[in-house]
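Report on the structure
Residues per chain are reported as follows:
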Amino acid sequence: MVHILEARDVSKHFGGIGALEDVSFKIRKGAIISIIGPNGAGKTTLFNCLTGIARPDRGAIYFMENEISKLPAHRVTELGIARTFQNIRLFPEMTVIENVMVAQHLRVRYGLLSAIAHNRTFRKKEKDIIEKAFEYVGFVGLENFARTPACNLSYGSQRRLEIARALATEPGLLLLDEPTAGMNAIETMEVMDLIAQIRELGKTIVLIEHDMKLVMGISEWIIVLDHGVKIAEGTAEEVRNDPLVIDAYLGKEAVQ
Amino acid sequence: MRNKRLLVRSLIIASWAAILFLPFKGIRGAAELFLVIAAGIPVFHFLQRGMVLPKHFRSVVSFLRPFFIPVFLIAALAVPFLAGDYYLDVLIMCGIYILLALGLNVIVGFAGLLNLGFAAFYAIGAYIYGLLNTKLGIGFWPCLPVSAAGTACAGLLVAVPALRLRGDYLAIVTLGFGEILRLVLNNWDSVTNGPNGISGIAPPQLAGISLGNLKYFYYLVLAIVLLSVFVIRRVERSRTGRAWIALRENEIAASSIGINVTRYKLYAFAFGSFWAGIAGILFAAKMRFISPESFTFAESVLILSMVILGGTGNIYGAIAGAFLLVLLPEVLREVQLYRMLILGIGLVLLMIFKPEGLLGKNLRKIRQPVED
Ligand SMILES: Nc1ncnc2c1ncn2[C@@H]1O[C@H](COP(=O)(O)OP(=O)(O)OP(=O)(O)O)[C@@H](O)[C@H]1O
Ligand SMILES: [Mg+2]
C-alpha cells in the first residue's frame, strides 16, 4: 500500500460559497506533504472533512482502504488520523500533562469498575498513561511545564502541546493546520525541526502553511488550493513555476 | 481608576439590595443595609487583595493534611452523641443535598451540560421507593439499587433527545422535563395520589433494627455520602472523568482525540442521575412521606446554586455549597421572610467577586512515575 490517504472529488459548500470543489489527491505513506493556498482557499475545510469534523457534500475519502467521509470524528481518530487546529483548541483548564493523558483515551482502555476499585489493571494502565504522557510532553519540549494549566502556556508552547496531544492518539497520519502561525523565526525553525523528527517516527504528515517558502524545503509534495479548487500539485520546483500558482498565490504576495 | 470602578460597583449593588429590602424593612433598614454593603464590599476586596498567606502556611497545611480525614471522620461519627435531634435532622438534610450536589456536579461541573430539572431525578428516586414500598411492600435495601438504577435510566432517556441540542436548548429540555414530571406526579392520582402524595413509607431496617431513629439514619446517610465521595473522586480521576472534562473544555477537540462525545454525555447524565436517585430514596425513607411539592423548579435551582456556589467541577466545592445552602437558611431562620433574599444577594456578590466559586477548580498534581 503506497498511499495512506486518497480523496476523490471532495466538495463542501457553505451556503453559496464553494469551500471545496471536487478536490482529489493522494498522499503517499511516510511523506511530508504541504497544502498551501491564500486565505479562504479551503485548506482548513479540507482538514475538517478529512477528520470527520465536517461532512463533505460529495466525494469520498479513503484512509488505508476505509471510506471515512461519513464517519464521526472519534471514529476517524480511532482509525489513525490526528490533527491540530489553526485556532488552538486545547483543554484550557487541564494541565499540560492531563491534556496529553486524555488523548490516550482510545489507546489505553479500562472499565469504570476497575477505576472505582483501583485494581491492578487500573494501576498498571494508569501508570502507562502517565509515563507515555511525560514522553510526549518531553518530545515536544514542554517537560518543564507538565503541571501548568494549558491556558497559562505561551502561544508557541500551546501549539507544541497540540502536537503532543495529537501524537498521543498514536496516529499514522498527522494533519497540522498552520503549526507555526504567530511564531517568531526561531520558534518556527524549532517547530520545523520537530516536524522532521515526527516523520522519523514513521508518521505521514500533512501540513497547512500560509508561507510557501517555509514548506518548500521540508515537503516533498505540495498541493495548492485556491477558492476551493486544487489548482496545482507537484514538487516544490514544479509548483513554484506553475503559472496558475504564480497567478493565484505568489502573484498576490509579489504585489503586496 | 480601578478603585473608582470598585466604588461605583459597590454603590450600585448596595442601592439595588437596599431597594429590594425597602418594602420589608422600611427606610431605616434599607439605609442600614445600603451602608453595610457599600462599605463592606471595598473592605472585603482590599482584605482579599492585601491578604498574603504567612510564609509557613503551606508547610503547616501539608503537615496537617494526613490528619484532615481522620479528624473529620471522628467528628462526623461523634455528632449523634453530642448533638440534639434538631441538628441531626439538619445534618441529614445536608447529606441528602450533598448527594444531589455531587450528582449534578458530574453533569454540570464535569461534563459541562446545563441541567435545570435535576429535582425531577430526585423525585424519581423518591417515588420509586415510595411506590414499591407502599404498594408492593418491598423494603429499603432491595429498593436502593432499583431507585438508583431506575433514576440513572431516566437520566439516559431524557439525555438521548436532549443531546442533539446544545447549551440553552439542553437547559430548556431539562427544565421542561422537570415541569412535566411534576405535573404527572400531581395529576396521575391513581398511582401517585396526586398532590396529597404518598405517606406511610417505611424506614430502612438493618438486622431487625429500624433505622427510622434519627441517630441511625444519620449514620446511614453519612456512610452513603462517604461512599459517593469515594466513588465519584475515583471516577473523576479515571479515563471517564478526564473524557468528561475534555468534553466540557472543548467539544470539537475532545471528538478529535477520539472521545465519543454523545456517549460520554449520556454517561454523565446517567452517572449524575444515579446519585439523585439515591438522594431521593433517602429523602423518602427519612420523611416517610413524599409529594410533588418537594421537587419543584426552585429545588432544581437550589441544587444548581450549591454546585455553582462551591465551584463547578470541584467535588469539595459541591459539598461546601450543599452545606452552606442547607445551613444558612437554618441560621437565618430569625429573618424568615428575607432569607431567600439574603441568599440571593450572597450568590450575586459571590459571582461578582469570585466567579469561579468558593473553592474554584482544583488542579490535580500528577507526579512522573519513578523508574524502578
Ligand atoms: N463553518 C463555516 N460556515 C460558513 N462558511 C465557512 C465555514 N468554514 C469555512 N467557511 C468558508 O469557507 C471558505 C474556506 O475557509 P477555510 O477556513 O477552509 O479557508 P483556509 O484556506 O483555511 O483559510 P485561512 O488561510 O484563512 O485559514 C471561506 O470562504 C470561509 O469563509
Ligand atoms: Mg485555515
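What counts and how
Residues numbered from 1 in each chain as written. Chains lettered and ligands numbered in written order. Predicted model: local features only at pLDDT ≥ 70, side-chain atom pairs only at ≥ 80, totals over all residues. Heavy atoms only, no water. Helix = DSSP H or I, 4+ residues; strand = E, 2+ residues; numbered from the N terminus. Buried < 20%, exposed > 50% of the residue type's maximum accessible area, 1.4 Å probe, protein only. Contact = heavy atoms within 4.5 Å. Areas by Shrake-Rupley, 256 points an atom, 1.4 Å probe, with all protein chains shown as cover. Lys, Arg positive; Asp, Glu negative; His and termini not counted. Charge placed at Lys NZ, Arg CZ, Asp CG, Glu CD. Expected span 1.5 Å × (residues − 1). Donors = N, O, S within 2.8 Å, 3.2 Å for Na, K, Ca; no water. Pairing = 2+ DSSP bridges. Axes fitted to C-alpha atoms, helices over the stretch in contact; angles between N-to-C directions.

A look at the overall build of chain A
If you tally the helices and strands in chain A, you get ten helices and ten strands. Projecting the C-alpha coordinates of chain A onto the three principal axes gives extents of approximately 65 × 40 × 35 Å. Considering chain A as a whole, with its 256 residues, one finds that 55% of them fall into the buried category. Here the contacts in chain A between residues at least 6 apart in sequence split such that 68% fall between residues at least 24 apart. In the form shown here, chain A has an accessible surface area of approximately 10,900 Å², with 52% of it arising from carbon and sulfur atoms. Placing the 30 positive and 33 negative side-chain charges of chain A at their respective mean positions leaves the two points 8 Å apart.

Some details on helix H4 (residues 118–136) of chain B
One turn of the α-helix equals 3.6 residues, which is why residues spaced by three or four share an orientation. All names here are of chain B. Here H4 is 19 residues long and its end C-alpha atoms lie 27 Å apart, about the 27 Å a rise of 1.5 Å per residue gives. Counting buried residues along H4, 14 of its 19 residues qualify, which places the element largely inside the surrounding structure. Trailing H4 by a residue or two, Gly137 shows a phi angle of about 70°, which is positive.

Focus on the coordination of the magnesium ion (ligand 2)
Working reference: metal with six octahedral donors, ideal angles 90 or 180 degrees; metal with four tetrahedral donors, ideal angle 109.5 degrees. Residue and element names in this part refer to chain A. Around the magnesium ion (ligand 2), the protein contributes the donor atoms Thr44 (OG1) and Gln86 (OE1), which lie 1.9 to 2.0 Å from the metal centre. Placement of the pair is Thr44 in helix H1 (residues 43–50) and Gln86 in the loop between strand E6 (81–83) and helix H3 (96–102), with a sequence separation of 42 residues. The exposure class assigned to Thr44 is partly exposed, which follows from its relative accessible area of 25%. Exposure remark for Gln86: the relative accessible area of 31% places this residue in the partly exposed category.

Re the sheet that holds strand E5 (residues 66–67) of chain A
All names here are of chain A. With respect to topology, four strands assemble into an open sheet ordered E2-E1-E4-E5, the strand pairing being antiparallel. Edge positions in the open sheet fall to strand E2 (17–28) and E5, since each of these has one partner strand only. The pairing of strand E1 (residues 3–14) with E2 spans eight bridges and is antiparallel. From the neighbouring strand, Lys12 faces E2, where its bridge partner is Leu20. Across the sheet, H1 touches E1, E2 and strand E4 (58–63), and the angle it forms with E2 is around 65°.

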